[in-house]
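# Per-entry structural report
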Amino acid sequence: MKKIGLILVLVNTVAIAAVLGLFVYTKLIFKRPAITEEKERVRIAKAESSAPSHDPSNRVLMPLDPITVNLDSYQGADGKPKTHYASVSLSLEIRSESDRKKVEEAKPAILDHVIQNLSKRKFQDLNQVQGRYVFKSQVIDDSNAYLKAPIVTEVYLFDLLLQ
């Protein structure tokens, strides 16, 4: 019976040490690299260069339905939660007319990804050029991941209203 108690104490000690080590690493040691416009442009250029080449003159704009979403709330200086919303109209640029049907079929899922992504954003993120650029990059990545091909080449925002 003493051996079982000793083993349990040892297992608990190892588990606690592992959790503490993970906490120290994730909160104190590991520093997430900053997302910059230049890095995103390089990453997108690599993705496009690895994709089969398509004539840019064949690219097609496909408008999506306007979206109104509550943004992620935050606490203001007075300690009260601040709630904002965004109303966005956007268009996807796709590689060619032949890909239009595939994107049309995936349109509800792409809109869902856009809404989820937008609702996680803070007002300050979308109010800056860098934040909008990161949002657009993530929409492109999510859309292409869902389509399982690099079909979406650009996202154009228009009628962006933040309140």
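For the structure, see preceding data.
Residues numbered from 1 in each chain as written. Predicted model: local features only at pLDDT ≥ 70, side-chain atom pairs only at ≥ 80, totals over all residues. Heavy atoms only, no water.

The end-to-end C-alpha distance of helix 5 (residues 129-147) is 27 Å, a good match for the 27 Å that 19 residues give at a rise of 1.5 Å each. Those residues of helix 5 not exposed but buried are Gly 131, Tyr 133, Val 134, Phe 135, Lys 136, Ser 137, Val 139, Ile 140, Ser 143, Asn 144 and Leu 147. Contacts from the buried residues of helix 5 go to helix 2 (37-50), strand 5 (85-94), helix 3 (100-119), helix 4 (123-126) and strand 6 (152-162). Positive phi shows up at Lys 148, right after helix 5, with a value of about 60°. (Helix = DSSP H or I, 4+ residues; strand = E, 2+ residues; numbered from the N terminus. Expected span 1.5 Å × (residues − 1). Buried < 20%, exposed > 50% of the residue type's maximum accessible area, 1.4 Å probe, protein only. Contact = heavy atoms within 4.5 Å.)

The next thing to look at is the nonpolar core. Among the nonpolar cores identified, the biggest contains 27 residues, and Leu 92, Val 103, Ile 110 and Leu 118 are the most heavily contacted of them. Put simply, the parts of the chain that give this core at least two residues each are strand 1 (60-63), strand 2 (67-70), strand 5, helix 3, helix 4, helix 5 and strand 6. Per-element tally for this core: the top contributor is helix 3, with six residues. Among all residues touching Leu 92, those that are not within four sequence positions of it are Val 60, Leu 61, Met 62, Leu 64, Val 103, Ile 110, Val 139, Val 152, Glu 154 and Val 155. (Core = buried A, V, L, I, M, F, W, Y, C linked by side-chain atoms within 4.5 Å.)

Turning our attention to the pattern of salt bridges. For the coordinates displayed, the defined rule picks out nine salt bridges. Arg 59 serves as the salt-bridge partner of Glu 93, at 3.7 Å between the closest nitrogen and oxygen. Taken together, the positions of Glu 93 in strand 5 and Arg 59 in the loop between helix 2 and strand 1 put the pair 34 residues apart, joining distant regions of the chain. Each member of the salt-bridge network shares a partner with another, and the members are Glu 40, Arg 43 and Asp 141. (Salt bridge = Lys/Arg side-chain N within 4 Å of Asp/Glu carboxyl O.)

Moving on to the packing of aromatic side chains. With the rule as written, the count across this model stands at one aromatic pair. Seen from their ring centres, Tyr 25 and Phe 30 are 6.0 Å apart, and the 35° between their planes marks the pair as tilted. (Phe/Tyr/Trp six-rings, centres within 6.5 Å; stacked < 30°, edge-to-face > 60°.)

Turning our attention to the packing of helix 2 against helix 5. For the pair helix 2 and helix 5, interaxial distance at closest approach is 10 Å and the crossing angle is 20°. Looking at the two axes, helix 2 sits roughly parallel to helix 5. In terms of crossing hand, the pair formed by helix 2 and helix 5 is left-handed. Contact residues: helix 2 offers Glu 37, Glu 40, Arg 41, Arg 43 and Ile 44, while helix 5 offers Tyr 133, Ser 137 and Asp 141. For the contact of helix 2 with helix 5, the residue count by class is two nonpolar, one polar and five charged. (Axes fitted to C-alpha atoms, helices over the stretch in contact; angles between N-to-C directions. Parallel < 35°, antiparallel > 145°, perpendicular 65-115°, else oblique. Left-handed = near helix turned anticlockwise from the far one by under 90°. Nonpolar A, V, L, I, M, F, W, Y, C, P; charged D, E, K, R; others polar.)

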